[in-house]
Amino acid sequence: MKRTDITLKDSFKCCLDDLFQCFVNPDKMRAYFNGAADVDPRESGKFSLLGGAISGSYLEIHPSDRIQMHWRFKDWPAEMYSSVTLTFKDTGTSAEVTLSQVGVPQYSVEQIKSGWYKYYFNAIKSRFGYGSGTL
């Protein structure tokens, strides 16, 4: 099965720690996933999102800097995971996240790209108001 890598970047009108918390704070995650988030945000902790459509585990959590995870779609072959690294940066006027996802099955690339924006980035901006305004 052909696998590939994805890199995405987005900017948020909030402070760096507020953005970082959106990826590790269970209450914040349940808020933008409309309750469909079961997370244990610690190294080796597991997560299940959107009714089990997405699952995985946290490998490393470096506060306000970087998160590394094993991440998979439910319909991928058993035991197939991609590696996700989220890197956070304070630009002075916003907070940025860069996502690197390694080992994605080729047939899932467009679904994953659109899903990161729809279910994570845009949902965070909409739910918490991080898409407009100033710090």
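Quick note: structure is the one above.
All values derive from a computational prediction rather than experimental measurement.

Digging into the pattern of salt bridges
Side chains carrying opposite charge are able to pair once their charged atoms draw close together.
Stage number 1. Scanning the model with the defined rule gives 5 salt bridges in all.
Stage number 2. Here Arg 42 ties to Asp 40 by a salt bridge, and the two come within 2.9 Å at their closest N and O atoms.
Stage number 3. Among the ionic pairs, Glu 60 bridges to Arg 66, the shortest N-O distance being 3.0 Å.
Stage number 4. Exposure remark for Glu 60: the relative accessible area of 29% places this residue in the partly exposed category.

Quick look at the pairing of strand 4 (residues 54-62)
Stage number 1. Sheet analysis places strand 3 (residues 46-49) next to strand 4, joined by 4 bridges and oriented antiparallel. Opposite Ser 48, over in strand 4, you have Ser 55 as the bridge partner.
Stage number 2. If you look at the hairpin formed by strand 3 and strand 4, you'll find 4 residues sitting between the two strands, and Leu 50 has a positive phi there, around 55°.
Stage number 3. Both strand 4 and strand 5 (residues 66-73) contribute to a ladder of 8 bridges, which runs antiparallel. Along strand 5, the bridge assignment pairs Glu 60 with Gln 68.

Comments concerning the side chain of Ser 108
Stage number 1. Note on placement: Ser 108 falls in the loop between strand 7 (95-105) and helix 3 (109-128).
Stage number 2. Among the residues examined, Ser 108 registers a relative accessible area of 0% and is labelled buried.
Stage number 3. Of the polar contacts made by the side chain of Ser 108, one reaches the side chain of Trp 76; its length is 2.9 Å.
Stage number 4. With residues near it in sequence (within four places) discarded, Ser 108 still touches Phe 73 and Trp 76.

Points about the nonpolar core
Where a protein is soluble and globular, its nonpolar side chains tend to be buried together.
Stage number 1. Core analysis: the biggest nonpolar cluster contains 41 residues, and Phe 23, Trp 71, Trp 116 and Tyr 120 have the highest contact counts within it.
Stage number 2. Of all the elements, helix 3 adds the most residues to this core, at 7 residues.
Stage number 3. Excluding anything up to four places from it in sequence, Tyr 120 contacts Phe 23, Tyr 32, Phe 33, Leu 49, Ile 54, Trp 71 and Gly 115.

Side note on the packing of aromatic side chains
Stage number 1. The tally for this structure, following the rule as stated, stands at 17 aromatic pairs.
Stage number 2. Arranged with centres 6.0 Å apart and planes meeting at 80°, the rings of Phe 12 and Phe 121 form a pair that is edge-to-face. Of the two residues, Phe 12 is situated in strand 1 (residues 3-12) and Phe 121 in helix 3; the sequence distance between them amounts to 109 residues.
Stage number 3. Just above the ring of Phe 128 sits the side chain of Lys 28; from NZ or CZ to the centre is 4.7 Å.

Thresholds, definitions, all that
Residues numbered from 1 in each chain as written. Predicted model: local features only at pLDDT ≥ 70, side-chain atom pairs only at ≥ 80, totals over all residues. Heavy atoms only, no water. Salt bridge = Lys/Arg side-chain N within 4 Å of Asp/Glu carboxyl O. Buried < 20%, exposed > 50% of the residue type's maximum accessible area, 1.4 Å probe, protein only. Pairing = 2+ DSSP bridges. Helix = DSSP H or I, 4+ residues; strand = E, 2+ residues; numbered from the N terminus. Polar contact = N/O pair within 3.5 Å; in protein donor to acceptor, adjacent residues only side chain to side chain. Contact = heavy atoms within 4.5 Å. Core = buried A, V, L, I, M, F, W, Y, C linked by side-chain atoms within 4.5 Å. Phe/Tyr/Trp six-rings, centres within 6.5 Å; stacked < 30°, edge-to-face > 60°. Lys NZ or Arg CZ within 6 Å of the ring centre and 35° of its normal.

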